[in-house]
Amino acid sequence: MTDRYTLDKGSLSKEILLLLAFLTTDSIDELAQRSPERFAEINWEQFVLLTLHHRVYPFIYPKLSRMQNELVPARVSERLQREYRRNTVQMLQLSGEMGRIGGELAKSGIRSLFLKGPVLAEDLYGDISLRTSRDLDFLVPMKQLHEAEALLLRLGYVKEEDFESILGDWKWREHHTTFNHEDSKIKVEVHWRLSPGPSTEPNFEELWQHARTSKLMGPDVHYLGREDLFLFLAAHGSRHGWSRLRWLLDIRQLLLQQPDCAVLAKLLKRYNYEAAAGQTLILASDLLDTPVDSRLSALADKPKARRLAQLALFYVSRMVNLHNPPLAPEVKRHFRYYQPAILTPWHQFLYVAGFLYPYAADAKTLPLPKPLHVLYFPLRPFLWAWRKVTGRGES
């Protein structure tokens, strides 16, 4: 990537800049010799909090453990060592459960693709202890969704909640449902889409054609092909504002595997992810010194990609969980602008049009017999306005 992709990083603190340097160097000792000024006046408590928030501490700790000089306080390494060991135990537990669920799905004739978790750590990092995961996510064909949910119930999982839905809107408004195991405390998300609507994406059959099989977890654990994985990770990270550097580190590790650029470019164009991909490449290149193939550089040439990358630095510079309200007022204002900005014009139209599709709240406001639910389409604006005036809900 050339200098024209360099972002304005004036909002980034010394602590986050040092964290980025730790992520991209093989030797912290060599970094200290080249740039000792980077270590000056660092708030090490803040640095530790950043490694935990961005969930990159298992990737950084092994580098700290090999460090010889004393520029980093021992308490930092000791804290990250505790978190590293805890994460390793958790990843081993998740690996075992991933193998068990994959095997049970295969026995029941349910095809599945694991999206993240230990299988991603194995593939991208070569060691499950170098990446964090808090749950297991897998994708199944829509026609087998209820079978997969019933299987999880038999395995001792409890469904978190059922969607309030009308006229089948859950199929595109949502993209996964959540289950929790009361004994193991493991959380599982069952996906029928990679991302929520109005996004377009490859269907399950297309993804299955390119699927890979885990070498570590056995023949029943399948996961996305490299190009499909890039599309998924770029869409996920962009949707969440790249508010955790771990997602961007995944991109770096994936690009180092050199996916097929021709196939990837066609895939991104077909499903309208070129702007999100351009944003991803700019951030990965400028923040994590990721080499980007020249055949993909055109994606980062687009003004929208540059604009989206700069907007994402708002979240990188803060410790924000966008999906854990309440959000600070400035974060909420920024997200209201950012969320539609990442969409293509067509998807922006669909996003707005989605508000005209009936919500479950409409049925609560004016209950109608099921054969008459189609009437909620013309009634939707009036029912929404009534709730606004009476203060009975937002949707």
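In the annotation of an unreviewed UniProt entry, the protein chain is listed under the name Nucleotidyltransferase family protein and assigned to Paenibacillus tianjinensis.

J.: I tried to follow the environment of Gln144 on my own but got confused; where do I start?
T.: Position of Gln144 relative to the elements: it lies in the loop between strand 2 (135–139) and helix 7 (145–154). On the basis of relative accessibility, which here comes to 11%, the residue Gln144 falls in the buried class. For the pair Gln144 and Ile101, spaced 43 residues apart in sequence, the C-alpha separation works out to 15 Å. Of note is the side chain of Gln144, whose polar atom sits 3.4 Å from the backbone nitrogen of Arg111.

J.: I'm lost on unusual backbone geometry in this one. Help?
T.: Peptide bonds are trans in most cases, and residues, glycine excluded, mostly fall at negative phi. In the segment running from Pro325 into Pro326, the intervening peptide bond is cis, with an omega of 5 degrees. Topologically, Pro326 is positioned in the loop between helix 15 (303–316) and helix 16 (329–341). Notably, Arg55 is not glycine yet its phi reads approximately 55 degrees, a positive angle. With phi around 60 degrees, Asn272 is a residue other than glycine that occupies positive phi space. Looking at the secondary structure, you find Asn272 in the loop between helix 12 (261–270) and helix 13 (274–288). The exposure class of Asn272 is partly exposed, given its relative accessible area of 39%.

J.: Would you mind showing me how to read the side chain of Arg252 here?
T.: Examined against the element boundaries, Arg252 turns out to sit in helix 11 (residues 245–255). One buried charged side chain, Arg252, makes no salt bridge at all; its nearest oppositely charged neighbour is Asp26, positioned 6.3 Å away. With sequence-adjacent residues up to four places away left out, Arg252 is seen in contact with Leu23, Thr24, Leu288, Asp289 and Thr290.

J.: Help me out: how do you make sense of the pattern of salt bridges in this one?
T.: Pairs may arise between side chains of opposite charge once their charged atoms sit close together. Taken as a whole and assessed by the stated rule, the structure comprises 17 salt bridges. Notably, a salt bridge pairs Arg100 with Glu97, separated by 2.9 Å at the nearest N-O pair. Note that Arg100 and Glu97 are positioned in helix 5 (residues 74–107) at a spacing of 3 residues, about one turn of the helix. By relative accessible area, Arg100 is classed as partly exposed at 35%. Here Arg193 makes a salt bridge to Glu201, at a shortest N to O gap of 4.0 Å. Residue Arg193 is classed as buried on the basis of its relative accessible area of 16%. Each member of the salt-bridge network shares a partner with another, and the members are Arg79, Glu83 and Arg86.

J.: So what exactly am I meant to see when it comes to helix 4 (residues 57–65) here?
T.: Each α-helix winds once per 3.6 residues, and so residues spaced three or four apart point in a common direction. Where burial is concerned, most of helix 4 is hidden: 8 out of the 9 residues are buried. Among the residues of helix 4, those classed as buried are Tyr57, Pro58, Phe59, Ile60, Tyr61, Pro62, Lys63 and Leu64.

J.: Before we go on, may I ask you to explain the pairing of strand 5 (residues 187–191) in this structure?
T.: Both faces of the sheet carry side chains from a regular strand, because those side chains alternate between them. With respect to burial, strand 5 is a largely interior element, 4 of its 5 residues being buried. When strand 2 meets strand 5, the two strands line up parallel, connected through 5 bridges. Bridged to Leu136 within strand 5 is Val188. The loop that links strand 4 (residues 176–181) with its antiparallel partner strand 5 comprises 5 residues; one of these, Lys185, has a positive phi angle of about 65 degrees.

J.: Explain the environment of Ile101 here, please?
T.: Note that Ile101 resides in helix 5. With relative accessibility at 0%, the residue Ile101 sits in the buried group. With residues near it in sequence (within four places) discarded, Ile101 still touches Phe114, Leu136, Phe138, Leu152, Leu155, Tyr157 and Val188.

Calculation criteria
Residues numbered from 1 in each chain as written. Predicted model: local features only at pLDDT ≥ 70, side-chain atom pairs only at ≥ 80, totals over all residues. Heavy atoms only, no water. Helix = DSSP H or I, 4+ residues; strand = E, 2+ residues; numbered from the N terminus. Buried < 20%, exposed > 50% of the residue type's maximum accessible area, 1.4 Å probe, protein only. Polar contact = N/O pair within 3.5 Å; in protein donor to acceptor, adjacent residues only side chain to side chain. Lys, Arg positive; Asp, Glu negative; His and termini not counted. Salt bridge = Lys/Arg side-chain N within 4 Å of Asp/Glu carboxyl O. Contact = heavy atoms within 4.5 Å. Pairing = 2+ DSSP bridges.

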